[in-house]
Amino acid sequence: MKVWEKIATFDDTRGWTKERIAAEAYMQKYCPSEMEEDYHFIGKKRFADHCKIGCGVKCLEEYLELEAKVK
């Protein structure tokens, strides 16, 4: 399950598309680092590797496509 698919299972975002999740995160200036801090979707080590990409829309889109870890 990808990060965006996991987010789309939450009560307040149920059924949202990847595009809508990305648009909301971008509008709210909600950075992948904040998402990871709150929800730990991919884990600290994997996030450290991802975060080297840099900030911006591309970073957010790539983060949403990463595989979420299984709990």
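Heads up: the structure comes first, above all this text.
Attention here is on the structure that accompanies the text. Small disclaimer: the values here were computed from a predicted structure and weren't measured.

What counts, and where the lines are drawn
Residues numbered from 1 in each chain as written. Predicted model: local features only at pLDDT ≥ 70, side-chain atom pairs only at ≥ 80, totals over all residues. Heavy atoms only, no water. Helix = DSSP H or I, 4+ residues; strand = E, 2+ residues; numbered from the N terminus. Rg over C-alpha atoms; globule rule 2.2 N^0.38 Å. Buried < 20%, exposed > 50% of the residue type's maximum accessible area, 1.4 Å probe, protein only. Areas by Shrake-Rupley, 256 points an atom, 1.4 Å probe, with all protein chains shown as cover. Lys, Arg positive; Asp, Glu negative; His and termini not counted. Charge placed at Lys NZ, Arg CZ, Asp CG, Glu CD. Salt bridge = Lys/Arg side-chain N within 4 Å of Asp/Glu carboxyl O.

1. Here's the deal with the overall build of the protein chain
Then, in step 1: Broken down by element type, the protein chain carries five helices and zero strands.
Then, in step 2: Going from the N terminus to the C terminus, the protein chain shows its helices and strands as α-α-α-α-α.
Then, in step 3: The C-alpha radius of gyration computed for the protein chain amounts to 11 Å, which stays within 12% of the reference 11 Å derived for 71 residues, consistent with globular compactness.
Then, in step 4: Projected onto the principal axes, the alpha-carbon positions of the protein chain cover approximately 30 × 30 × 15 Å.
Then, in step 5: Every one of the 71 residues in the protein chain was classed for burial, and the buried ones make up 31%.
Then, in step 6: On the protein chain, roughly 4900 Å² of surface is accessible, and the fraction owed to carbon and sulfur atoms is 55%.
Then, in step 7: Charged side chains of the protein chain number 13 positive and 14 negative; the gap between the two group centres comes to 5 Å.

2. Some points on the pattern of salt bridges
Then, in step 1: With the rule as written, the count across this model stands at four salt bridges.
Then, in step 2: Lysine 2 is the salt-bridge partner of glutamate 65, the closest N and O atoms lying 3.8 Å from each other. Placement of glutamate 65 in helix H5 (residues 57-65) and of lysine 2 in the segment before helix H1 (3-7) is noted, with a sequence separation of 63 residues between them.
Then, in step 3: For lysine 18, the salt bridge is made with glutamate 65, and the minimal N-O distance between the two is 3.0 Å. In this pair, lysine 18 sits in helix H2 (residues 18-27) while glutamate 65 sits in helix H5, placing the two residues 47 residues apart along the sequence.
Then, in step 4: Look at lysine 18 and you get partly exposed, because its relative accessible area is 21%.
Then, in step 5: Accessibility expressed as a relative area gives 31% for glutamate 65, which makes it partly exposed.
Then, in step 6: One connected set of salt bridges, linked through shared partners, spans Lys2, Lys18, Glu65 and Glu67.

3. Observations concerning unusual backbone geometry
Then, in step 1: For lysine 29, which is not glycine, the phi torsion reads 55° and is therefore positive.
Then, in step 2: Structurally, lysine 29 can be placed in the loop between H2 and helix H3 (32-39).
Then, in step 3: Its identity is not glycine, yet histidine 40 carries a phi of approximately 55°, on the positive side.
Then, in step 4: By secondary structure assignment, the location of histidine 40 is in the loop between H3 and helix H4 (44-51).

Function cannot be read off these values alone, since they describe shape.
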